[in-house]
Amino acid sequence: METSVAMILDDAKDIKANGWLSSARKKAAARFHDSGLPKQRDEYWKHTDPGQFQIGSVGDGPATEIPAGVPDMCPRATFRNGRVVELPQPGPNVPELATLGDAAADESHWGAGLYGSLEARAQKTVVRGFAALNTRDAEHGILATTAPNTKQSLQIHYCSESNGSKGILHHLIRVAPGSDLCLLEFGSVAGQANVVFEVDVMDGARFSHIRLQNKRKGRRSIEQVFARVGCGSSFNLFTLSADHKVVRNDCVVELLGEGGEAHVSGAVVGASGSHHDDTVLVVHDAANCRSRQVFKKVLSDGSVGVFQGKILVRNKAQKTDGYQISKAMLVGETGQFLAKPELEIYADDVVCSHGSTSGNADADSLFYLRARGIPERESLNLLALAFLAETLEEISDKSEMEMIRQLMIEHLAEQGNVGRD
Amino acid sequence: MLIISELNVKLEEEDKVILDGVNLSIAKGSVHAIMGPNGSGKSTLSYVLAGRNGYEVLKGSVEFDGRNLLELEPEERAASGLFLAFQYPVEIPGVGNMTFLRTAYNAQRKARGEEEISASDFLRNVRSKAKELNIDDGLLKRPVNFGFSGGEKKRNEILHMSVLEPSLCILDETDSGLDVDAMRQVAKGVNSLRGPDRAILVITHYQRLLNYIDPDVVHIMVGGKIIRTGGPELAREVEENGYADLIREVA
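An account of the accompanying structure is given in this report. Starting afresh in each chain, residues are numbered from 1 along the sequence in its written order. Here every chain gets a letter starting at A, and every ligand a number starting at 1, in the order they are written. Selection of residues for local features in this predicted model requires a pLDDT of at least 70, selection of side-chain atom pairs for listing and counting requires 80 or more, and totals for whole chains, interfaces and linings are taken over all residues. The side-chain figures draw on all heavy atoms in the structure; neither hydrogens nor water molecules are used.

## A few points about the pairing of strand E13 (residues 261–270) of chain A
All names here are of chain A.
Piece 1. Extensive coverage of E13 is indicated by the burial of nine of its 10 residues.
Piece 2. Only when DSSP finds a minimum of two bridges between them are two strands counted as paired. Helix numbering and strand numbering both begin at the N terminus, where a helix is a DSSP run of H or I of at least 4 residues and a strand a DSSP run of E of at least 2. As paired elements, strand E11 (residues 234–242) and E13 share nine bridges and run parallel to each other. In the sheet register, Leu 237 faces E13, and the bridge partner there is Val 264.
Piece 3. Bridge count between E13 and strand E15 (residues 290–300): 10 bridges; the pairing is parallel. Within E15, the position partnered with Ala 262 by the bridge is Ser 291. The cut-offs for exposure are 20% and 50% of the maximum accessible area for each residue type, with area from a 1.4 Å probe on protein chains only; residues under the lower value are buried, those over the upper are exposed, and the others partly exposed.

Written out as C-alpha cells, the structure reads:
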C-alpha cells in the first residue's frame, strides 16, 4: 500500500523540548494531575465504566477494511497502528495538512494556538481526565486547515493490525472564514484508542464531520470532539456506530458567534454485548444560534446504549433555538437504554426542547409487514432501518446519506435480527 | 376456499368476546361483503384471519384451501395466498415502497419454494400494474405510505394486492376516509382483480362501496354473529333502513 503513497512520512518522535507542543503538554499534565482519570461515581460516568478503557482489548482480528460505499477519489490521510503513514497530495480541494510532529517543529504554526486550548476550556464545565491525558501524551495526529472561501474535503482512514494495541491521537482542524470542509473518518485506531479533535469553525464557515465507527469488533475507544463555532457558521457531526465492544463519544460544541449552528447526531446498531455512549454538551454563548442533537439507537439483547445530552444557554444567548431528541428501539428483552437529557438556561428569551423514548418495535407496524409475507426477523430489521432513517435527515449530502443508509442495512443484517438467512 | 365454522374469539387481555359463533364459507371466484354497525366484530374477523396478536380463539375453526389457517404465522398465511388490505395502512419511513414490495414478494415466493424474481423483472411488473391502477411512479419511490394521502394509502394497498396476486383478498373498510373519486378508483382496482381463481371479501360499514364493487353475497354482522345473508339487495335494504330493523327482526 505504501508504494502508491503520495508522501511517506517519518515518525515524529522528537518533539522539541521547548516548543509550543511541549508547553501545551506540560499544561495538560497539570490538568491531568488535578483531575486524574474518571471514576464510575462521577456524574457523567455513571452509565459507562471508565475502567473499561484501561484494560486490554478483546478484538478478534486486524481492522484495516474500508467500509463499503466510502468514495475512493477523495483526498485521504491514512494511519497505520496509530501513526500517519500517508497524506494526500496538496491540491485545490485538499486542506493544508501537517503531521503533529512536523507542526511542532514550526514555532509559528497555527496549531500552536489551538492545541489543548479547547480541551482546556471544556474542562471548566466538566472535568475530563481522558482528554487531558490525550493532550499530554498524544504523539500523532494531523492538523488540517482550509484556505478561506474554498470548499475542501478530507478522509481519515485508520488501519490497525493488532488487537492488543493502544493509540492516542490528537487532531486539529481549522475551517477558515467562508470555507467549507467535509471530513469523513473511518476505521479503527487501535484495540484501545483515545482520540481528540479540536475544531475551530471560523466566521461564516461550515464543517461537516462524518464518523463511521464500524468494522471494529471487540475494540474499545473514547473519542472526544471539542469545537468552537463562529458567527454564522455551522458545525455538523454525524456518527454511525456499530461493531464495538465499547465506545464513548464526547462532544462539546460552543456557539460563540451570532447565528451559529450546531448539529450533533448519530445512529447506533448495538450488537449483543456492545456498549455505545454518546455524551454531548452544546453551549450557547451568543444570540440567535440554533442547535440540534438527534440520536437513535437500535439495541439488541445484551447491548447498552447511553445518551447524555445537555444544552447550556448562557445569559447573553437570547433567541436560542435548542432541540434534543434521543430514542431507542429495543429488539428483544434485555437491551438497555440509559438517557439523561439536561437543559441549563440562563437567558430568558429562548426555545429549548428535549425528549427521549425507548420501546420495542411498534406492534401494528410489525403485523403490517408480516401480513404482507415478510418473516418476523426481517420485518424487525426493516422497522429498525425505518427507525434509524430519521437520523439520515441530519446529513445534508445525498451520497453520504445513501452510503450510511447502506451501512445501516449491512449492520442490521449482521445482527441476526435478519431474515436474510 | 375459506370455511369459517363456529368461530368464537375473545380479546387476549380482557374477558370480552368479540366473535360469537361466526359461520361463513367463501367459494373460489366469488365476492362476499360483510356489513355491520360499528363494534360488530367485522374488523376483528379480518385481523383474526390475517393472524394478528391479541386475540384468543375460544372455539371453532378456519380452513383455508384445506389447511388449518389458525395454526399459521401471519407471513405463512400471506405466502399461502391470503391478503389483508388494511383499514389504516402503516407508514414506514426510510423503506422505499418498491423495496418493501419486492421484499414481500420474494419472501412469499421463497416460502412457497419458488425462485426469487430479478429486480428488473419485478420493476417492470410493478410499473405495469401501477399504470393499470393509475398510480403515479413517484409513489413507488417514496417510503411506504409515508406522507401519503388517505386515498394514496388505499390505492397503494390495492397495488400491493395486485402485485402479490393473492387467492383470497380481504378488504377491511377500504372505503373509509375516501372521497367518491378515490373510492371509484379503488373499486376499479378491486374489480380488475376479480377472477375465477380468486375470492374477495369486502368489509364495509356503508353500502356505497358496493355500488362500485358488485358482491355476489352480502352478510350482515351484528354482535359478533352473522345475522343475515343474502344477495346485493340486502345491502340496499341496509342503506335505506339502517341496521335497526334487521337487529329487531333477529331479536
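Back to the write-up after that little detour.
## Re the interface of chain A and chain B
Piece 1. Should any heavy atoms of two residues lie within 4.5 Å, those residues are considered in contact. The partner chain B presents 29 residues to the 21 residues of chain A that form the contact.
Piece 2. Both sides together, the interface formed by chain A and chain B hides about 2000 Å², and carbon and sulfur atoms give 64% of it.
Piece 3. Contact with chain B buries surface across chain A, with Phe 367, Tyr 368 and Arg 372 of chain A losing the most and accounting together for 41% of the total.
Piece 4. Each reported salt bridge corresponds to a side-chain nitrogen of Lys or Arg within 4 Å of a carboxyl oxygen of Asp or Glu. Between chain A and chain B we count four salt bridges in total.
Piece 5. A 3.5 Å cut-off defines polar contacts: any pair of N or O atoms within that distance qualifies, except that in protein one atom must be a possible hydrogen donor and the other a possible acceptor, and neighbouring residues in sequence count only when both atoms are side-chain atoms. At the surface where chain A touches chain B, the tally comes to 10 residue pairs in polar contact (both at pLDDT 80 or more). Here the quantity called buried area is the total loss of accessible area, with a 1.4 Å probe, experienced by two parts when brought into contact, counted for both.

## Looking at the sheet that holds strand E5 (residues 67–68) of chain B
All names here are of chain B.
Piece 1. Ordered by their spatial adjacency, four strands build an open sheet running E2-E1-E4-E5, and the pairing between neighbours is antiparallel. Each end of this open sheet is capped by a strand with a single partner; those strands are strand E2 (17–26) and E5.
Piece 2. Note on definitions: angles span 0 to 180 degrees between N-to-C directions of axes, and those axes are lines fitted to C-alpha atoms, for helices only across the stretch in contact. This element, helix H1 (residues 42–50), spans strand E1 (2–11), E2 and strand E4 (55–64) of the sheet and lies at about 105° to E1.

## Let's talk about the side chain of Gln 123 of chain A
Residue and element names in this part refer to chain A.
Piece 1. Looking at the element boundaries, Gln 123 is found in helix H3 (residues 117–123).
Piece 2. In terms of polar contacts, Gln 123 uses its side chain to reach the side chain of Glu 119, at 2.7 Å.
Piece 3. A polar contact of 2.6 Å, which involves the side chain of Gln 123, links it to the backbone nitrogen of Arg 128.
Piece 4. Excluding anything up to four places from it in sequence, Gln 123 contacts Arg 31, Arg 128, Ala 131 and Ala 132.

## Section: the sheet that holds strand E14 (residues 275–284) of chain A
All names here are of chain A.
Piece 1. The sheet built from nine strands is open, its strands ordered E3-E4-E6-E8-E10-E12-E14-E16-E18 with mixed pairing. Whereas interior strands pair on both sides, the edge strands pair on one side only; in this sheet they are strand E3 (96–99) and strand E18 (336–345). This sheet shows a mean twist of 10° between the axes of neighbouring strands, independent of strand direction.
Piece 2. The pairing of strand E8 (residues 192–201) with strand E10 (residues 220–229) spans 10 bridges and is parallel. Looking at E10, one finds that Val 195 is bridged to Glu 223.

## A closer look at the nonpolar core
Piece 1. To define a nonpolar core, start from buried Ala, Val, Leu, Ile, Met, Phe, Trp, Tyr and Cys residues and group those joined through side-chain atoms within 4.5 Å. Membership of the largest hydrophobic core comes to 115 residues, with the highest contact counts inside it found for Leu 212 and Ile 404 of chain A together with Ile 92 of chain B.
Piece 2. The split of the chain into domains comes from an automatic or database domain assignment. Looking at this core, you find at least three residues from each of domain 1 (1–81 + 167–181 + 206–245 + 247–251) and domain 2 (89–166) of chain B.
Piece 3. With residues near it in sequence (within four places) discarded, Ile 92 of chain B still touches Tyr 368, Leu 369, Leu 383 and Ala 386 of chain A together with Phe 100, Pro 143 and Val 144 of chain B.

## Focus: the pairing of E4 of chain B
Residues and elements named next belong to chain B.
Piece 1. The pairing of E1 with E4 spans eight bridges and is antiparallel. Bridged to Lys 10 within E4 is Glu 56.
Piece 2. In terms of strand pairing, E4 meets E5 through two bridges, oriented antiparallel. Considered in E5, the bridge of Glu 63 is made with Asn 68.
Piece 3. In this structure, the hairpin formed by E4 and E5 is closed by a connection of two residues, where Asp 65 is found at a positive phi of approximately 50°.

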